[in-house]
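Inside the fold
Residues per chain, in single letters:
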Protein chains: 2
Amino acid sequence: MPVLVMKFGGTSVANTDRIRRAAKRVGVEVAKGYDVIVIVSAMAGKTNELVGWVGEISPLHDAREYDAVVSSGENVTAGLMALVLQEMDIPARSWQGWQVPLRTNSAHSAARIEEIPTDNITAKFAEGMRVAVVAGFQGISPEGRITTLGRGGSDTTAVAFAAAFDAERCDIYTDVDGVYTTDPRISDKARKLDRIAFEEMLELASLGAKVLQTRSVELAMRYNVKLRVLSSFEEPSDEAGTLVCAEEEIMESNVVSGIAYSREEAKMTLVSVADRPGIAAAIFGPLAEAGVNVDMIIQNIAEEGRTDMTFSCPTDQVKRAEKALSEAKAAGHINYHDLIADTEVAKVSAVGIGMRSQSGVAAKMFKTLSDEGINIKVIATSEIKISVLIDRKYMELAVQALHDAFGLDKAA
Amino acid sequence: MPVLVMKFGGTSVANTDRIRRAAKRVGVEVAKGYDVIVIVSAMAGKTNELVGWVGEISPLHDAREYDAVVSSGENVTAGLMALVLQEMDIPARSWQGWQVPLRTNSAHSAARIEEIPTDNITAKFAEGMRVAVVAGFQGISPEGRITTLGRGGSDTTAVAFAAAFDAERCDIYTDVDGVYTTDPRISDKARKLDRIAFEEMLELASLGAKVLQTRSVELAMRYNVKLRVLSSFEEPSDEAGTLVCAEEEIMESNVVSGIAYSREEAKMTLVSVADRPGIAAAIFGPLAEAGVNVDMIIQNIAEEGRTDMTFSCPTDQVKRAEKALSEAKAAGHINYHDLIADTEVAKVSAVGIGMRSQSGVAAKMFKTLSDEGINIKVIATSEIKISVLIDRKYMELAVQALHDAFGLDKAA
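This part is about the interface of chain A and chain B. Listed as interface residues are 26 residues of chain A and, on the opposing side, 27 residues of chain B. Elements represented by at least two residues in the side of chain A that touches chain B include exactly α2 (46–57), α3 (63–70) and α4 (72–87) of chain A. In terms of residue count, α4(A) provides more of the side of chain A that touches chain B than any other element does, ten residues in total.

What follows is the structure, encoded as C-alpha cells:
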C-alpha cells in the first residue's frame, strides 16, 4: 500500500482532545488505503517546560543530557496518539527514535540524520499495522545516546521518513492553513498559494516566513518529497493547504510568488574605514566569531583611501556586533571613525522563481517603493529574490504596495 | 571502588531545587570514595499527569503504549540529575532503562526484571565516571518495547541494581526518616528503629506500613542487599534512617519490633453455610476470581451440618465480594442464610522475629487488649506476626496499648 507521512505540531496535539482530532485525520487517510507514518511533536508547552528545567540547573549544559531530557515530550505524544488510534480500531503502535532506529551523527541538540532503516516498520505494515506513530525531533547517536535534531526537528523528521519510505506525500499539519503571498496580518489581500516551488519556500523561510523550517524544505528538495502544509483546525480536503513541490510541477505562476518581511533588522555602518585589501575579512571575521548573523553588506566607493562599510543583522545582535568591532579596533585589526547602528529598519523581500526568466522585476520593485516615497537603504538580490532595507515605519506600506504591484491578490 | 546505590523518590526530586539537594547527598557519598548508581523516580505529580492522559484516551489501554508514555517522567529526572551533578564537577551521565539495558519479561506495566548487565556502567566507572543516574521503574522487553515495573518499581530497580553491582548498600531516600515501631501519628511514643530484619519489614509492608514496597524488600532479602530507608529532608549522617538487613546482623532486638495497623478493613460473615467438603473452595474461588483480597479467615465449628464462615477484606472490595457471593449462591454453588458485612473494623498487628524464640507473645497481646476492654473479632497468626480484627473505634487505643505493653518506646 502507498505510504503517507503526516506530521502534527505541538498546537495540533496540545491536549487529548486535539490528539483525538488529529487521529481522525489519520483515520481519513487510512480509509483511503494509505499506510500512514505519523510524526508527532511534544504537546504544546511541554518542551518549553523541559528546557526551562534544564536552564534552571545549568546554563552551560551537557548537550547529551539536554537531549535525553527534552526528547521525552515527543515520546509521550507518540504513545498517546497510538492509544487513540487503537481506540478507533486502527492497528497502530508508537516508535521512539532509538527504536526505529533513526540514526544521527553525534552533534547533540543539532544532530543530522544519517540513516532511517525501513525494515522494522515495513515488516509491521506487512503484518497489518496501518499506522506507525513516531516521536519526532529525536534520534540515536553512534554511541547509543539520544540526540535531538534542533529547531524544526520534527518537520525534518517527517521529511526524512517520507524520503526513506518513498512516501506519496508528506503532510505537515500546523496552525496555519498554508503558505500565503504575504502575511495576512499585514495585507488583507494576502492569498493562499495552492503550490509553491521548493526554492521559493526556502527563500521565504529564511526571510522570516515561519511556516516551515529551512532545513526540512532543503531535505524535501534534495529527495523531491512533495510537502503539503495545512491546518489541523480546518475540515480536510484534497485541495487544502499549500503544496511545496518541484518547479516543474507548477504549471503557471506569477513572476513574484510572495512578499516576505523581517521586522527585527538593524543597519550598522562603519564610517570611514581605512580601505585596504583584506579589510572585509578583518571586519566580518570577528563578527562571525561573535555569532553575529550578517545578512546584507554594501561597501561605498573608496575616496582618499577610506570607505564606509554597511551591513545588516538582527536587532538583538547589535550589542554583540558593537563589542566585536570595538575589540577588533582596539587590537589594531581595523580602523574606523565611527560606528552607527540604525535599529529602526526592516527588510522587505520579493521572492519568485519567475524572476529567472523575467526581467524588470527589480525596476518595478524600486519604482513602487519610490512612488510611495519610501527610501531604500540597502539592496541585496539573488536569482529568485530581491531584498531591501527600509525605515521600519514604512514596512507595512511597502509590503502592501508590492503585493498590489505584483498582482499577488490574483491567482496566476 | 565500592559501589553504592541511592534511590530518590518523587517528592525528593519534585523540582529543580530538590534535585539539587538530592545531588548534594550524592556528592557526600562520592567524596567518601563510592562509585554511585542513582535511581530516580519521576518528579512528584508527573507520573499521575501521564496516567491521567492515558485514562482520558483509553480506559482499556494497550499496556505497551501505556508503558511508553508513563516511563518518560523518570527519563526527565535522570537527565536533570546528571546535569546537576556535572555542575558540581562530578563526572556523571544518565541512563534510560533500554540503554543499560535493564531486561525484563514482556508483562507490560508489571514487568519482572530478568537481567541487568553491568559491563556498560562498570566500563564508565573505570573511565572515571563517578555517578550513573538511572531512570527507575522501567526496562526493555525481549521485543524491544519499553516496559514498566508496576507499583514500587523504582525501589525494585534500586535493589536490583544493588544486587547486580554487588553494592555495599542501597539507600532509599524518601519523605520519612526511617521505619518506626508504629505510626508516629497514632502514638507519640513511636521510636525510629535503627535496624529491622527483612522478614519483619515484609510483614510490616504487607500490613499497611507504606515505607517500602513488598517487592523490593523480597528482592533485597533474596540477594541479601542491605537496604537503608532515610529522609532526603534531613541532614545526612551514618546513623540516619533504618537499615533493613538480614536477621543475623541485628544483635539485640525486642521480641516485637513494630505494631502495624490497617484502618480500611471489613469483616464479612456468611451465616449458616451448608457445611460440606469443598465448601471453602466454593466460597473463596469466586472471591479470588472477582479480585477480592481475602486476608483472615475463620470457620466456626459446624452444628447440624451448618456453619458460619467469616473473612476480612479491604473495605473498598466489599461490594465486589457481595456480588461474587450472591452470584455463586444464585448459581447453586453455595448456600447461606445471610451475608453480613461489618465495615467498622480495623486490623492491628504485632510483628517481630523474636516471636520465633519467645513464647507468650500472643497471650500478652490478648491480655493487653482485654485489659483495655477491646473485643477481638478475628485472629490470624504467622511465625513472626499476630493480627487481630477489632472495632475500628478502638484502633488507636489498641496500637498505643500494645506499643506500651511490648516496650517499644525503649530501645532493645
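Two modes of strand pairing occur in sheets, parallel and antiparallel, and in both the strands are linked by backbone hydrogen bonds. All names here are of chain B. Pairing is mixed across the open sheet formed by eight strands, whose spatial order is β3-β6-β2-β1-β9-β11-β12-β10. For this open sheet the edge positions go to β3 (92–95) and β10 (195–197), each flanked by a neighbour on one side alone. Put simply, the sheet's adjacent strands are angled 20 degrees from each other on average, direction ignored. Relative to strand β11 (residues 227–231), strand β9 (residues 169–174) runs parallel, the two being bridged by five bridges. Along β11, the bridge assignment pairs T174 with S231. Along the sheet, helix α6 (residues 153–164) makes contact with β1 (3–8), β2 (35–40), β6 (131–135), β9 and β11, crossing β1 at roughly 180 degrees.

This part covers the sheet that holds strand β6 (residues 131–135) of chain A. Residue and element names in this part refer to chain A. Pairing within the open sheet is mixed, and its eight strands lie in the order β3-β6-β2-β1-β9-β11-β12-β10. Unpaired on one side and paired on the other, β3 (92–95) and β10 (195–197) mark the two borders of the sheet. Across the sheet, the axes of successive neighbouring strands diverge by a mean angle of 20 degrees, strand direction being ignored. Where strand β11 (residues 227–231) and strand β12 (residues 242–245) come together, three bridges link them in antiparallel fashion. Residue pairing in the sheet places R228 in a bridge with L243 of β12. Where helix α6 (residues 153–164) meets the sheet, its contacts fall on β1 (3–8), β2 (35–40), β6, β9 (169–174) and β11, and the angle it forms with β1 comes to roughly 180 degrees.

The next thing to look at is the environment of S154(A). Residues and elements named next belong to chain A. Mapped onto the elements of the fold, S154 is located in helix α6. For S154, a count of 29 C-beta atoms within 10 Å gives the class buried. The spacing of S154 and G136 is 18 residues in sequence and 4.5 Å in space, taken between C-alpha atoms. Excluding residues that lie within four positions of it along the chain, S154 makes contacts with K7, G9, I39, S41, G136 and F137.

Scoring rules and cut-offs
- Residues numbered from 1 in each chain as written.
- Chains lettered and ligands numbered in written order.
- Predicted model: local features only at pLDDT ≥ 70, side-chain atom pairs only at ≥ 80, totals over all residues.
- Contact = placed C-beta atoms within 7 Å.
- Helix = DSSP H or I, 4+ residues; strand = E, 2+ residues; numbered from the N terminus.
- Pairing = 2+ DSSP bridges.
- Axes fitted to C-alpha atoms, helices over the stretch in contact; angles between N-to-C directions.
- Buried ≥ 20, exposed ≤ 12 C-beta atoms within 10 Å, placed from the backbone.

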